[in-house]
Amino acid sequence: MQSQSEPGKPRRGMVLWFTGLSASGKTTLSQAVAKALRARGEAATVLDGDAMRQTLSRDLGFSRADRETNMRRLAALAQEHAAQDEIVLVAIISPFRELREQLRRESQASFLEIFVDAPLATCEERDPKGLYQRARSGELARFTGVSDPYEPPTAPDVHCFTAEERVDASAARILKAIENAAR
Ligand SMILES: Nc1ncnc2c1ncn2[C@@H]1O[C@H](COP(=O)(O)OP(=O)(O)O)[C@@H](O)[C@H]1O
Ligand SMILES: [Mg+2]
């Protein structure tokens, strides 16, 4: 399989699955990578878990079944975009290892799992939306990392340590992984 696109030929689609705790940096990183891809003339689509919960997944809560449904919906939508030769960046906590691995196996397009990793303490300190505070006070139930599980990837394609690495450095490593991936 060729890793480089031929001139004048559209490259095939790809799915980049960003998983990690709330405030680990999934939205920030996926947006940075999408911006860089667009600057290169690539079609890049971000599907953000937070945004989707306001629209497509408005009916869902945070039970295991609902989280799984949310993951499956975003994966299905990602496949639709990837089938149109887009690079799809999915930014969703997606706490379940087994299901992430299943979604990778089922993907029709190349699929890169990107672990957006920061210690829980760092995420709580950032708390850009005040969610950890609400989870700690008991106002929010079933909050990932606090009162609900997160199963980290065992072999992610890219492992970003966002407490130690700058956004542009993580983004550069992800862009390199995209270039090296078979499409
Ligand atoms: N190296 C880094 N990578 C990504 N985000 C970072 C980094 N350092 C600090 N941040 C900050 O952490 C926060 C991450 O928030 P966000 O991207 O919304 O996370 P998530 O989408 O995973 O919930 C942002 O405020 C971002 O500016
Ligand atoms: Mg986000």
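Quick caveat: nothing in here was measured; it's all calculated off a predicted structure. Numbering of residues starts from 1 in every chain and runs along the sequence as written. Labels follow written order: the first chain is A, the first ligand is 1, and so on. Local features are withheld for residues below a pLDDT of 70 in this predicted model, meaning they are given only at 70 or higher, and side-chain atom pairs are given and counted only at 80 or more; totals for whole chains, interfaces and linings count all residues. Derived side-chain values reflect all non-hydrogen atoms in the structure, with water molecules and hydrogen atoms excluded from consideration.

**Regarding helix H1 (residues 26-39)**
Counting from the N terminus, the helices are the DSSP runs of H or I reaching at least four residues and the strands are the DSSP runs of E reaching at least two. To estimate how far a helix should extend, the number of its residues minus one is multiplied by 1.5 Å. Counted at 1.5 Å a residue, the expected span for H1 with its 14 residues is 20 Å, and the 20 Å between its end C-alpha atoms agrees. Remark: exposure states derive from per-residue accessible area (1.4 Å probe, protein chains only) relative to the maximum for the residue type, with buried under 20%, exposed over 50%, and partly exposed in between. Of all the positions in H1, only Lys26, Leu29, Ser30, Val33, Ala34 and Leu37 are classed as buried. Looking straight down H1, one finds that the buried residues subtend no more than 130° of arc, so they occupy a single side. Seen from the open side of H1, the exposed residues pointing more than 90 degrees away from its buried face are Lys35 and Ala39. In the segment just after H1, Gly41 is the residue with positive phi, at about 85°. Taking the helix axis as origin, the arc is that swept by the directions to the C-beta atoms.

**Some details on the UniProt feature "binding site: ATP" (unreviewed entry) in the chain**
Residues annotated by UniProt as "binding site: ATP" (unreviewed entry) correspond here to Gly20, Leu21, Ser22, Ala23, Ser24, Gly25, Lys26 and Thr27. The class for Ser24 is buried, based on a relative accessible area of 0%. Once residues within four sequence positions are removed from consideration, Ser24 is found in contact with Val116, Ala118, Cys123, Arg126 and Thr162. Mapped onto the elements of the fold, Lys26 is located in helix H1. Lys26 sits in the buried class, given a relative accessible area of 9%. Contacts between residues were defined by any pair of non-hydrogen atoms, one from each residue, lying within 4.5 Å. In this structure Lys26 touches Phe18, Thr19, Gly20, Leu21, Ala91, Ile92, Ile93 and Val116, once residues within four positions along its chain are discounted. A distance of 2.8 Å separates the side chain of Lys26 from the backbone oxygen of Leu21, its partner in a polar contact. UniProt positions are given in the numbering used here, feature names are shortened, and annotations may be inferred rather than shown by experiment. A 3.5 Å cut-off defines polar contacts: any pair of N or O atoms within that distance qualifies, except that in protein one atom must be a possible hydrogen donor and the other a possible acceptor, and neighbouring residues in sequence count only when both atoms are side-chain atoms.

**Describing the site of ligand 1**
A single heavy atom is enough: if one lies within 4 Å of a molecule or strand, its residue is considered near that molecule or strand. Around ligand 1 there are 14 residues in total, and Ala23, Lys26, Thr27, Thr28 and Glu165 lie nearest to it. In this structure, Lys26 approaches ligand 1 through a side-chain N or O atom, which is 2.7 Å from an oxygen atom. Here an oxygen atom of ligand 1 sits 2.8 Å away from a polar atom, N or O, in the side chain of Thr27. Where accessible areas are quoted, they stem from the Shrake-Rupley method and a 1.4 Å probe; at the residue level, only the protein chains shown are allowed to cover. Relative to its unbound accessible surface of 570 Å², ligand 1 loses 75% to contact with the protein. The greatest single-element share of the shell around ligand 1, amounting to three residues, is contributed by H1. Split into classes, the residues belonging to the shell around ligand 1 amount to four nonpolar, six polar and four charged. Note that Gly is not counted as nonpolar here; it falls among the polar residues with everything else outside the nonpolar set of Ala, Val, Leu, Ile, Met, Phe, Trp, Tyr, Cys and Pro and the charged set of Asp, Glu, Lys and Arg.

**Here's the deal with the nonpolar core**
Counting 22 residues, the largest nonpolar core has Leu16, Val33, Leu89, Ile174 and Ile178 as its most contacted members. For this core, the elements supplying multiple residues, two or more each, are strand S1 (14-19), H1, strand S2 (44-48), strand S3 (87-91), strand S4 (110-117), strand S5 (158-161) and helix H7 (167-180). When residues in this core are grouped by element, the largest group, five residues, is from H7. Setting aside residues no more than four positions away along its own chain, Ile174 makes contact with Leu16, Phe18, Leu29, Val33, Ile114, Val158 and Cys160. By convention a nonpolar core is built from buried Ala, Val, Leu, Ile, Met, Phe, Trp, Tyr and Cys residues, the set being connected through side-chain atoms within 4.5 Å. Formed by 17 residues, the second largest nonpolar core is a distinct cluster that contains Leu47, Ala82, Val90 and Ile92.

**Some words on the UniProt feature "active site" (unreviewed entry) in the chain**
Sites flagged by UniProt as "active site" (unreviewed entry) map to Ser94. Examined against the element boundaries, Ser94 turns out to sit in the loop between S3 and helix H4 (97-106). On the accessibility criterion, Ser94 (1% relative accessible area) is buried. Apart from residues no more than four positions distant in its own chain, Ser94 is found in contact with Trp17, Phe18, Thr19, Met71, Arg100 and Tyr150.

**Section: the sheet that holds S4**
Two strands are counted as paired when DSSP detects at least two bridges linking them. Taken in spatial order, the five strands of this open sheet run S2-S3-S1-S4-S5, and their pairing is parallel. Edge positions in the open sheet fall to S2 and S5, since each of these has one partner strand only. Neighbour-to-neighbour, the strand axes of this sheet turn through a mean angle of 20°, independent of strand direction. Pairing geometry for S2 and S3, over five bridges, is parallel. Within S3, the position partnered with Thr45 by the bridge is Val88. For helices, the fitted axis covers only the stretch in contact; all axes are lines through C-alpha atoms, and the angles between them, taken along N-to-C directions, range from 0 to 180 degrees.

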